[in-house]
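Here are the chains, one letter per residue:
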Amino acid sequence: MTDVKVAVLGGSGWMGRIHTMAFQTFPHFFGTSHGTARVVAIVDRDPARADDLARRAPGAKILQDWRQVVNDPEIDLIDICLPDNLHFEVAEAGLKAGKHVFCEKPLANTAAEARVLADLAREQGVITRVGHAFPRNPVHDLAKEIIEAGEIGEIKMFKGCQHIDVFGDPLAPFMWRADGDLAPTGIVGDTGSHVFSFMEFLVGRVSALIADNLILTPKRPVVDGLAIGGQTELTGEERWAEVTNPDATNLLCRFENGAAGLVDFSRTATGRKFRQTYEIYGTKGSLAYDYDEVNRLRFYSHEDRPGRAGFRAIDVGPEHPSYRAFLPLPNFGLGYNESKIIEAAEVIRSITTKTPMWPTFENGHHICQIVDACMESSRLKRWVEIPST
Ligand SMILES: NC(=O)c1ccc[n+]([C@@H]2O[C@H](COP(=O)([O-])OP(=O)(O)OC[C@H]3O[C@@H](n4cnc5c(N)ncnc54)[C@H](O)[C@@H]3O)[C@@H](O)[C@H]2O)c1
């Protein structure tokens, strides 16, 4: 049995903690026959977190500089949970050192950077993965299975959205996510990329789009050290920072297979704590998903008897291996963290079986192309073509 040695970068953050947990946890559900993971290094620039990190991963090296791990011969997998602007530099260094690389989304700030990473990974013959975990909820494997079996026919239309309201209040404090230097594509790379991952997974490549990116609150008060979802009282003494990347986007698109798309996403939808939906309309039927019913897919089939046709609700259950890994009965509820555990198990299985699994850096490149096209289209105020690779 192979024990894959992992370095988690950005280990104190939201994703860093979840990834560490997921690597340590997945064998309880998926067994050890496709390998295990050992977190042997955690990097976070905040030295105050070192003791806590050491307790989370006993025996791991706790470091402050990511450069100390990329060339460490003990490490097999570089796991990047750092802010977006560091993804390209760190992934490139990891790949050049011959490491497998797992990178949180968005893979890079531009499609050109993502192309460099996907090409480098191919040359190095290593396994890559982007952290688009939402589609790894087994309910979306069910959707893919229905699509691939031809049960909804030819896909004609995709509608999707994702909204949160962390920036719904104009006084909500500034954080790196609103800083165009640290997160150049703002909500497009941050949240749009999740919707794009569903499009890539379930419908296929996007060939053209027109997008309208919006900055809805131009300035926000700065509160140092506040993470996403953090609450604080303002003193009135804060300095104000300019929001330099998009808060919200509306877009129309065309897929290479001829389907049309209508998509919107934002971080400013007051009251929408986390809204994620898609609808896929085909020539023989339709699918609809709403994260509020996290394991439930709605399926409509033309083949149902006249007078009895209607959307039926299907709760994904133990017929699907990655659901069965956790629970023996349907509708007990698999959530976000389980999707990340499934993802960690797949990353390790990819490495030990030398089998790339969706979404690789190649898929991440396509998603970055969609992000780029949104930025360009909104700037130029016109449709933008996305070249196929
Ligand atoms: N897949 C998903 O559903 C999902 C959800 C949230 C975030 N993300 C992505 O994960 C990444 C991290 O987001 P987060 O919410 O965990 O952020 P976060 O701010 O909670 O964590 C980032 C961590 O990186 C550390 N850090 C920052 N710069 C560093 C440096 N130079 N060297 C070492 N450590 C450094 C910080 O101290 C912090 O602990 C982002 O790219 C984000 O887009 C993905």
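From a predicted model like this one, the values you see are computed outputs, not experimental measurements. (Residues numbered from 1 in each chain as written. Predicted model: local features only at pLDDT ≥ 70, side-chain atom pairs only at ≥ 80, totals over all residues. Heavy atoms only, no water.)

## A short note on the sheet that holds strand β13 (residues 275-282)
Next, step 1: With mixed pairing, nine strands are arranged side by side in an open sheet as β16-β15-β14-β13-β7-β12-β11-β8-β17. For this open sheet the edge positions go to β16 (312-315) and β17 (384-385), each flanked by a neighbour on one side alone.
Next, step 2: Of the pairings in the sheet, the one linking strand β7 (residues 155-163) to strand β12 (residues 260-266) comprises seven bridges and is parallel in character. Residue pairing across strands places Lys159 opposite Leu262, the latter belonging to β12.
Next, step 3: Helix α7 (residues 187-202) contacts β7, β8 (206-214), β11 (248-255), β12 and β13 of the sheet and is inclined by roughly 150 degrees relative to β12.
Next, step 4: Taken strand by strand, helix α10 (residues 361-380) contacts β8, β11 and β17, and its axis lies near 50 degrees from that of β8. (Pairing = 2+ DSSP bridges. Helix = DSSP H or I, 4+ residues; strand = E, 2+ residues; numbered from the N terminus. Contact = heavy atoms within 4.5 Å. Axes fitted to C-alpha atoms, helices over the stretch in contact; angles between N-to-C directions.)

## Details of the site of the ligand
Next, step 1: Taken together, 23 residues lie around the ligand, and Met15, Asp44, Asp84, Gly131 and Tyr336 are the ones closest in.
Next, step 2: Contact between the ligand and Asp84: an oxygen atom at 2.6 Å from a side-chain N or O atom of the residue.
Next, step 3: The contact in question runs from an oxygen atom of the ligand to an N or O atom on the side chain of Tyr336, over 2.5 Å.
Next, step 4: Against a free-state accessible area of 850 Å², the protein chains account for coverage of 89% of the ligand.
Next, step 5: For the shell around the ligand, the secondary structure elements donating two or more residues are α1 (14-30), α7 and α9 (336-353). (Near = heavy atom within 4 Å. Polar contact = N/O pair within 3.5 Å; in protein donor to acceptor, adjacent residues only side chain to side chain. Areas by Shrake-Rupley, 256 points an atom, 1.4 Å probe, with all protein chains shown as cover.)

## A short note on the domain arrangement of the protein chain
Next, step 1: Taken as a whole, the protein chain is organised into domain 1 (3-134) and domain 2 (138-334 + 359-384).
Next, step 2: Distance from the C-alpha centre of domain 1 to the C-alpha centre of domain 2: 24 Å.
Next, step 3: Contact with domain 1, which involves 28 residues of that partner, is made by 32 residues of domain 2.
Next, step 4: Here domain 1 meets domain 2 over a buried area of about 2500 Å², counting both sides, of which 68% is carbon and sulfur.
Next, step 5: On inspection of domain 1 and its partner domain 2, the count reaches two salt bridges.
Next, step 6: Where domain 1 meets domain 2, there are seven residue pairs in polar contact (both at pLDDT 80 or more).
Next, step 7: Elements with a contribution of two residues or more to the side of domain 1 that touches domain 2: α1, α4 (87-96), β5 (100-103), α5 (111-124) and β6 (128-130).
Next, step 8: By residue number, the principal contributor to the side of domain 1 that touches domain 2 is α5, which donates seven residues.
Next, step 9: Its residues placed into classes, the side of domain 1 that touches domain 2 shows 18 nonpolar, five polar and five charged. (Domains from an automatic or database assignment. Buried area = accessible area lost by both parts, 1.4 Å probe. Salt bridge = Lys/Arg side-chain N within 4 Å of Asp/Glu carboxyl O. Nonpolar A, V, L, I, M, F, W, Y, C, P; charged D, E, K, R; others polar.)

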